[in-house]
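Reading the structure
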Amino acid sequence: MLVVNNLMVFFENALALNGLSLEVREGEIVGVIGSNSAGKTTLMNAVSGLIIDMRIKEIRRGGQRISIYGNIAYKGEDITGIPPELRVKNGIVLSRERHPVFPESSVLENFRIAGYLRTKKEVREVVDYVFSLFPPLVKLKKRKAGFLSGGEQQMLAIGMALVVRPKLLLLDEPLLGLSPMMQKAVVDAIVALNKESGITVLLSEQFARPVLPVVDRAYVVENGMLTLSGTGADLMNNPEIKSAYFGV
Amino acid sequence: MLIGTTIYALINTAILALMAIGFNLTFGISGIANFAYGAVYILAAYGVWMLLTLFQLPYPVAVLAAVGVNLLLGALIYRFVLLRIRGQALSEVIATFGIGLAILELFRYLGLVGFEYHLPVFVDKSFVIAGTYVDFQRIAIVVFSAVLILGLWFFTHHTAIGLAFRGIAQDERTALTFGIDSNKMATLSMAMGAALAALAAVFIIPLGSISPGEGYDVLIKALAVCIIGGLGSTGGVIAASFIVGFAERFTDTYIGSHWTMIVSLAAILVVLTVKPSGLFGNQKELEERI
């Protein structure tokens, strides 16, 4: 479904991604594991197309030069230079890191803003599904999103991405800043939406322990380069992963 | 006298809100301070005047045409000028102010100044309300302002584009991840802001006459109201219109008309000293605290 081939991204002269290649097949959950500054977010921005918008803004500002080499193919078509809104229309939807929500709007209104490309009826259907996925949100329907806790905001952010009806859902560090219990709830929901709605998921995370058991395959990224890849179970038993991410 | 002053203060409030709402809409959504706002306001007024006197068109047709032209002009200014400098506040201000100066000074150069350049009132009638004479035009302004604000509220809370406006105003990059095109929304916000300026002109200009100077005046008043209220906040525009509207009228009646400007400017200073981001500028205040 998604093939990233030899992707290189420079911010001015700093190399953020170095010859990264990966593949996501339809129906899979694929993890990208790496520490801070490994290039996870850059990868997500490149796949979702946000980086194209960032590059245009930097050019206008006369700021840093962002260069992108290599290519990204989605369903067999090269999408490397396509603007983000067209990628969203084709089904690639990103939920950015640090649970981005619209703080001044209520939970329900957040869903309706996210459903810009969908009809009111479609939005209502998905919102019902999101409430079944994340029951705590039901009680918070009318509350301003800015007043929700981090975990609740993360649930909302994933729900908002679902409202767009993605075919490929990109989750950038969905577990960041969440309690272990909340992490489990979010991971369970990711598995459920993959199984029930058949949404393909590519997620990046630095917490390998809760993620590796549920992913079909995972890639380990360090300093913008791929160091390891394999099935979730393989990586769980890999001694390097154990020492680097599990502290064993 | 107190009742009469209050009635006229209310009318003044409605006039200020009507003047500021378009400027506020554009800024609230796209962060563009449209300093050509006063110029497009005057452009619409001259446009209607020309269509009425030179082409003898019926009034409603002339108004619709002027609103349409402004809609297009706002969109064109964004597509051909602002697009390249989007995001740099100072460049945006200089570019739009330049466009505004060009339009206003062109009219001055053409010599379109004098009492014959005015727009007719809708209905030449007046009423007595609580012992005070109020003409139909002023009542129309109050009603239209209220309807417009309610209409805008409905638009931004219950339509897809309105909701997208609110999304992009809060977090542009997140809005982008839902397929909301920021350039399209900014174009629309400029177009709608300019169209609202045209509507405001059609309602307010019949109370006086059309002159290039009026364009600068409208810009300053819109800025004052928006800054007091907190840039980009509709609730702020309403509250600030009340403050400035009442301050102006009451000063005029009880202190002296030459103090009007000083009192409203003092109101800006006081509000900005107490709340630097304006009355309703919440988001900004958070940033300042950090």
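Cut-offs and rules
- Residues numbered from 1 in each chain as written.
- Chains lettered and ligands numbered in written order.
- Predicted model: local features only at pLDDT ≥ 70, side-chain atom pairs only at ≥ 80, totals over all residues.
- Heavy atoms only, no water.
- Helix = DSSP H or I, 4+ residues; strand = E, 2+ residues; numbered from the N terminus.
- Rg over C-alpha atoms; globule rule 2.2 N^0.38 Å.
- Buried < 20%, exposed > 50% of the residue type's maximum accessible area, 1.4 Å probe, protein only.
- Contact = heavy atoms within 4.5 Å.
- Areas by Shrake-Rupley, 256 points an atom, 1.4 Å probe, with all protein chains shown as cover.
- Lys, Arg positive; Asp, Glu negative; His and termini not counted.
- Charge placed at Lys NZ, Arg CZ, Asp CG, Glu CD.
- Core = buried A, V, L, I, M, F, W, Y, C linked by side-chain atoms within 4.5 Å.
- Pairing = 2+ DSSP bridges.
- Axes fitted to C-alpha atoms, helices over the stretch in contact; angles between N-to-C directions.
- Phe/Tyr/Trp six-rings, centres within 6.5 Å; stacked < 30°, edge-to-face > 60°.
- Polar contact = N/O pair within 3.5 Å; in protein donor to acceptor, adjacent residues only side chain to side chain.
- Salt bridge = Lys/Arg side-chain N within 4 Å of Asp/Glu carboxyl O.
- Nonpolar A, V, L, I, M, F, W, Y, C, P; charged D, E, K, R; others polar.
- pLDDT = per-residue confidence, 0-100.
- Expected span 1.5 Å × (residues − 1).

Now for the overall build of chain B. A tally of regular secondary structure across chain B gives 12 helices and 2 strands. Order of helices (α) and strands (β) in chain B, N terminus to C terminus: α-α-α-α-β-β-α-α-α-α-α-α-α-α. Here the C-alpha atoms of chain B give a radius of gyration of 19 Å, agreeing with the 19 Å that 2.2 N^0.38 yields for 290 residues. When its C-alpha atoms are laid out on the principal axes, chain B stretches across 55 × 50 × 35 Å. Per-residue burial over chain B gives 49% buried out of 290 residues. A separation threshold of at least 6 residues defines the contact pool for chain B, and within that pool the share at least 24 residues apart is 75%. As displayed, chain B offers around 12,900 Å² of accessible surface, 72% of which is attributable to carbon and sulfur atoms. Within chain B, one finds 14 positive and 15 negative side-chain charges whose respective centroids are separated by 6 Å.

For the rest of this paragraph, the subject is the overall build of chain A. When you go through chain A residue by residue, the secondary structure sums to 11 helices and 10 strands. Scaling as 2.2 N^0.38, a compact globule of 248 residues should have a C-alpha radius of gyration of about 18 Å, and chain A matches this with 18 Å. At a minimum sequence separation of 6, the contacts of chain A that also span at least 24 residues come to 69%. Taking the average location of the 29 positive side-chain charges in chain A and that of its 25 negative ones, the two points are 6 Å from each other.

Quick look at the nonpolar core now. With 131 residues, the main nonpolar core has A:Phe111, A:Leu137, A:Leu156, A:Leu212, B:Tyr41 and B:Ile210 as its most contacted residues. In terms of residues, this core owes the most to one element, helix 1 (residues 2–30) of chain B, which gives 13 residues. Contact partners of A:Leu212, with chain neighbours within four places excluded, come to A:Ile33, A:Ala218, A:Gly232, A:Leu235, A:Met236, A:Ile241 and A:Phe246. Counting residues in each nonpolar core, the second largest holds 35 residues, with A:Ala38, A:Ile66, A:Ile72 and A:Ile79 among its members.

All names here are of chain A. Across the sheet, which stays open at both edges, the 4 strands sit in the order 2-1-4-5 with antiparallel pairing between neighbours. At either margin of the open sheet sits one strand with a lone partner, and together these are strand 2 (14–24) and strand 5 (77–78). Here strand 4 (residues 66–74) pairs with strand 5 via 2 bridges, running antiparallel. Within strand 5, the position partnered with Ala73 by the bridge is Asp78. Helix 1 (residues 40–48) contacts strand 1 (2–11), strand 2 and strand 4 of the sheet and is inclined by roughly 115° relative to strand 1.

Below, the discussion takes up the packing of aromatic side chains. Under the definition given, this model contains 16 aromatic pairs over all chains. Considering the side-chain rings of A:Phe10 and A:Tyr69, the 6.0 Å spacing of their centres and the 85° angle between planes classify their relative orientation as edge-to-face. You can see A:Phe10 sitting in strand 1 and its partner A:Tyr69 sitting in strand 4, a full 59 residues away along the chain. A:Tyr69 gets classed as partly exposed once you look at its relative accessible area, which sits at 44%. Chaining the aromatic ring pairs together yields one cluster made of B:Phe23, B:Phe35, B:Tyr37 and B:Phe97.

Glancing now at unusual backbone geometry. All names here are of chain A. Even without a glycine there, the phi angle at Arg98 is positive, about 60°. Tracing the backbone shows Arg98 in the loop between strand 6 (92–95) and helix 4 (107–114). Classification of Arg98 as exposed rests on a relative accessible area of 57%.

Turning next to the sheet that holds strand 8 (residues 200–205) of chain A. Residue and element names in this part refer to chain A. Taken in spatial order, the 6 strands of this open sheet run 6-7-8-3-9-10, and their pairing is mixed. The sheet is open, and its two edges are formed by strand 6 and strand 10 (225–231), each paired on a single side. Strand-to-strand twist of the sheet, defined as the mean angle between neighbouring strand axes without regard to direction, takes the value 15°. Where strand 7 (residues 168–172) lies against strand 8, 5 bridges are found, and the strand directions are parallel. Each residue of the ladder has a partner; that of Leu169, found in strand 8, is Val201. In the packing of helix 7 (residues 150–163) onto the sheet, the strands contacted are strand 6 and strand 7, and the crossing angle to strand 6 comes to about 170°.

Right, let's get into the side chain of B:Gln170. As for its position among the elements, B:Gln170 is in helix 6 (residues 160–170). Residue B:Gln170 is classed as buried on the basis of its relative accessible area of 17%. Here the side chain of B:Gln170 touches A:Ser105 through a polar contact of 2.8 Å, side chain to side chain.

Attention shifts here to the interface of chain B and chain A. With 27 residues of chain B in contact, the opposing surface of chain A contributes 27 residues. Taken together, the connections running from chain B to chain A amount to 3 salt bridges. In this structure, the salt-bridge partner of A:Glu109 is B:Arg166, at a minimum N-O distance of 2.2 Å. Across the contact surface, chain B and chain A share 12 residue pairs in polar contact (both at pLDDT 80 or more). Looking at the side of chain B that touches chain A, the elements that each hand over two or more residues are helix 3 (59–85), helix 5 (136–158), helix 6, helix 7 (172–176) and helix 8 (182–204) of chain B. In terms of residues, the side of chain B that touches chain A owes the most to one element, helix 6 of chain B, which gives 6 residues. Residue composition of the side of chain B that touches chain A, by class: 9 nonpolar, 10 polar and 8 charged.

The next subject is the pattern of salt bridges. All names here are of chain A. According to the stated counting rule, one finds 17 salt bridges over all chains in the structure shown. The partner of Glu28 in a salt bridge is Arg217, with the nearest N and O atoms 2.8 Å apart. Separated by 189 residues along the polypeptide, Glu28 in the loop between strand 2 and strand 3 (29–33) and Arg217 in strand 9 (residues 217–222) bring together distant segments of the chain. With respect to class, Glu28 is no different from Arg217; both count as buried.

Looking at chain B as a whole, the pLDDT averages 89, with 97% of positions reaching at least 70. Mean pLDDT across the secondary structure elements of chain B bottoms out at helix 12 (residues 282–289) of chain B, with 46, and peaks at helix 8 of chain B, with 95.

Another point: helix 8 (residues 180–197) of chain A. Residues and elements named next belong to chain A. For helix 8, built from 18 residues, the straight-helix expectation of 26 Å at 1.5 Å per residue is met to within 8% by its first-to-last C-alpha distance of 25 Å. Within helix 8, burial applies to Gln183, Val186, Val187, Ala189, Ile190, Ala192, Leu193 and Asn194. As for helix 8, its buried residues are in contact with strand 3, helix 5 (120–133), helix 7, strand 7, strand 8 and helix 9 (208–211). With its phi angle positive at about 65°, Gly198 sits one or two positions after the end of helix 8.

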